[in-house]
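# Per-entry structural report
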Amino acid sequence: MRIGLIGTGRIGTFHARTLVAEPEVSELLVTDVDAPRAAEVAGDLGATHAPSPEELLSRDLDAVVIASATASHAGLIQAAAGRGLPVFCEKPIALDLPGTTAALRTVDEAGTLLQIGFMRRFDAGYVAARAAVHSGSLGRLHTVRAATSDPAPPPAAYIPLSGGLYRDCLVHDFDALRWVTGREVLSVYAAGSDAGPEMFRDAGDVDTAAVLLTLDDGVLCTATATRVNGAGYDVRMEVAGEKDQIAVGLDARTPLTSVEPAATPSKGTPWPGFLERFAPAYESELAAFVRAVRGEAPNPCDGHEALAALRIAEACELSRLEKRPVAVAELA
């Protein structure tokens, strides 16, 4: 297979390394708006450098991986679909619902494959949690708690382009909630705090958020996120049922210390960030993409899954601004 990769930033370079190690990939072509960086990545990995996305898409490719800046995703997806190319794209498709639905319409009309990079679906812990829920071993679920905490804020220039904490960060938790439970979110009640660094207030964003979500079977979920968790990178999910409860992301590297007198200290070195924490999941999702392109497996996360998660994030933003519960159906 000949695969084109658009975007050679941190995650794009990681994907490039994964793809050149994939046995089914015979050639990798890479490009970026930062041409020298793309050329350097290509040289380091033995890949082929293309001077622009347009040039890359004109080549004889079997598939495309998009890891470029968020604002470019929808246009690149549509351009690739217009050439009949299967696409793997990092979330989001777009930062708004109209842009997302327009891109999905192009993909659907072209009849091409679009896989979205919600890597938690490939993490061993989340996979085990989904299996436990669907096996019935937890009994009837009553509560799910999700949390994503970054150790330090992103650069100030990134915040206005990110779409905000709900769309950029918590959207992973929203997708994981749907995927693990197999249920849909009916309504949300969201709050946010901008009491931290001034750059969040300047961008109209928040650095910390909390959401109460109600699923269509009555299960209550909470999801929290912060950009300022100095203890370290922390991503967890707790799933509680009438028979048992389980936790994802609770191990020796969880940046959490018990202050109970009888507790045994176990906190090791926290994960430095998302790429290190989810490295195996990132590798697995691209392997799944290759299998899907070859027709050996179904698409594990199509674009309509991203649309569903974005609707929840949009409902959260509306709830925060209007200080009221919001039904996700309002965003249909």
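Residues numbered from 1 in each chain as written. Predicted model: local features only at pLDDT ≥ 70, side-chain atom pairs only at ≥ 80, totals over all residues. Heavy atoms only, no water.

## A short note on the overall build of the chain
Selection criterion: Secondary structure counts use DSSP, requiring at least four H or I residues in a row for a helix and at least two E residues in a row for a strand, with both numbered from the N terminus. The atom set for the radius of gyration is the C-alpha atoms, and the globule formula is 2.2 Å times the number of residues raised to the power 0.38. The cut-offs for exposure are 20% and 50% of the maximum accessible area for each residue type, with area from a 1.4 Å probe on protein chains only; residues under the lower value are buried, those over the upper are exposed, and the others partly exposed. We call two residues in contact when some of their heavy atoms are within 4.5 Å. The protein chains shown are the only cover counted for residues, whose accessible areas, like all others here, come from Shrake-Rupley with a 1.4 Å probe. This count recognises Lys and Arg as positive and Asp and Glu as negative, with His and chain-terminal groups excluded. Here the site of a charge means NZ on Lys, CZ on Arg, CG on Asp, or CD on Glu.
Regarding its fold elements, the chain presents 12 helices and 13 strands. Relative to its length of 332 residues, the chain is compact, with a C-alpha radius of gyration of 20 Å against a globular reference of 20 Å. Along the first, second and third principal axes, the C-alpha atoms of the chain reach 60 × 45 × 45 Å. The proportion of buried residues among the 332 residues of the chain is 50%. A separation threshold of at least 6 residues defines the contact pool for the chain, and within that pool the share at least 24 residues apart is 70%. Accessible surface computed for the chain: about 14200 Å², of which carbon and sulfur atoms make up 54%. With 29 positive and 44 negative side-chain charges, the chain shows a spacing of 3 Å between the two charge centroids.

## Re the packing of aromatic side chains
Formally: In summary, the pairing rule links any two rings of Phe, Tyr or Trp, Trp by its six-membered ring, whose centres are within 6.5 Å, and it sorts them by plane angle into stacked for under 30 degrees, edge-to-face for over 60 and tilted for everything else. Criterion for a charge above a ring: Lys NZ or Arg CZ within 6 Å of the ring centre, and within 35 degrees of the ring normal.
Counted under the stated rule, the structure contains 3 aromatic pairs. Within the aromatic cluster, the residues linked to one another by ring pairs are F14, F274 and Y282. Of note, R10 hangs over the ring of F274, and the distance from its end group to the ring centre comes to 5.3 Å. Across from the ring centre of W271, 3.7 Å away, lies the NZ or CZ of R253, which sits over that ring.

## Points about the sheet that holds strand β11 (residues 234–241)
We apply this condition: Here a strand pair is declared whenever DSSP counts at least two bridges between the two strands. Fitted lines through C-alpha atoms give the axes, limited to the stretch in contact for helices. The angle between two N-to-C directions lies from 0 to 180 degrees.
Pairing in this open sheet of 7 strands is mixed, and the strands run β12-β11-β7-β10-β9-β8-β13 from one edge to the other. At either end of the open sheet lies a strand with only one pairing partner, and these are β12 (245–248) and β13 (326–327). Direction of pairing for strand β8 (residues 185–193) relative to strand β9 (residues 208–215): antiparallel, over a ladder of 8 bridges. Residue pairing for β9: A191 is matched across the bridge by A210. Against the sheet, helix α8 (residues 165–181) contacts β7 (141–149), β8, β9, β10 (220–226) and β11, and its axis sits at roughly 30° relative to β9. Against the sheet, helix α12 (residues 303–322) engages β8, β9 and β13, with an angle of about 50° to β8.

## A closer look at the side chain of T112
Positionally, T112 belongs in the loop between α5 (97–110) and β6 (114–117). Discounting residues that sit within four places of it in the chain, T112 has contacts with A81, G84, L85 and V107.

## Side note on the packing of α5 against α12
So the rule is basically this: In what follows, roughly perpendicular refers to angles from 65 to 115 degrees, roughly parallel to angles under 35, roughly antiparallel to angles over 145, and oblique to any angle outside these ranges.
At a minimum axis distance of 10 Å, the contact between α5 and α12 shows a crossing angle of 170°. In terms of orientation, α5 lies roughly antiparallel with respect to α12. Counted together, L97, T100, T101, L104 and D108 of α5 and G303, H304, L307, L310, R311 and E314 of α12 form the full contact between these two elements.

## Description of the nonpolar core
For clarity, the cut-off: The set of buried Ala, Val, Leu, Ile, Met, Phe, Trp, Tyr and Cys residues whose side-chain atoms join them within 4.5 Å is what this entry labels a nonpolar core.
V188, L213 and M237 are the most contacted members of the largest nonpolar core, which totals 102 residues. The dominant element in this core, judged by the number of residues it contributes, is α8, at 10 residues. Discounting chain neighbours no more than four positions away, the residues touching V188 are V211, L212, L213, I312, A315, C316, S319, R324, P325, V326 and V328.

## Some thoughts on helix α11 (residues 279–293)
Condition: In this analysis, the expected span of each helix is defined as 1.5 Å times one less than the number of residues it contains.
With 15 residues, α11 extends 22 Å from end C-alpha to end C-alpha; this agrees with the ideal 21 Å at 1.5 Å per step. Taken residue by residue, α11 has A279, A281, Y282, E285, L286, A287, A288, F289, V290 and A292 as its buried positions. Packing partners of the buried residues in α11 comprise β1 (2–6), α1 (10–20), β4 (63–66), β5 (87–90), β6 and α10 (274–277). Downstream of α11 by a residue or two, G295 has a phi angle that is positive, lying close to 75°.

## Observations concerning the environment of A315
Checked against the element boundaries, A315 lands in helix α12. Among the residues examined, A315 registers a relative accessible area of 0% and is labelled buried. Each C-alpha atom of the pair A315 and E330 lies 7.7 Å from the other, and the pair is 15 residues apart in sequence. Setting aside anything within four residues of it in sequence, one finds A315 in contact with V188, V326, V328 and L331.

## Quick word on the pattern of salt bridges
The cut-off we apply is this: Basic side-chain nitrogens of Lys or Arg form a salt bridge, by our definition, when they fall within 4 Å of a carboxyl oxygen of Asp or Glu.
In the structure shown here, the tally under the stated rule is 24 salt bridges. E238 is the salt-bridge partner of R145, the closest N and O atoms lying 2.7 Å from each other. Here the residue R145 occupies a position in strand β7, and E238 occupies one in strand β11, the gap between them amounting to 93 residues. Salt bridges sharing partners connect three or more residues here, namely R121, D175, R178, E184 and E305.

## Some words on a nonpolar patch on the surface
Selection criterion: In this analysis, a patch consists of residues with relative accessible area above 30% that form no salt bridge, clustered at 9 Å for like charges and at 5 Å for the nonpolar side chains Val, Leu, Ile, Met, Phe, Trp and Tyr.
A cluster of nonpolar side chains, Y189, L212 and L220, forms an exposed patch at the surface whose accessible area comes to about 270 Å². By the secondary structure assignment, L220 is in strand β10. In this structure L220 comes out as partly exposed when scored by relative accessible area, which is 42%.

## Notes on the packing of α1 against α11
The condition is simple: A clockwise turn of the near helix away from the far one marks a right-handed crossing, whereas an anticlockwise turn of less than a right angle marks a left-handed crossing. Lys, Arg, Asp and Glu make up the charged group, whereas Ala, Val, Leu, Ile, Met, Phe, Trp, Tyr, Cys and Pro make up the nonpolar group; the residues left over, Gly among them, are polar.
Packing of α1 against α11 brings their axes to within 10 Å, and their N-to-C directions diverge by 60°. When the interaxial angle is binned, α1 and α11 end up oblique. As for how α1 packs across α11, the hand of that crossing is right-handed. Seen from α1, the contacting residues are I11, F14, H15, T18 and L19; seen from α11, they are A279, Y282, E283, E285 and L286. Along the lines of polarity and charge, the residues of the contact of α1 with α11 split into 6 nonpolar, 2 polar and 2 charged.

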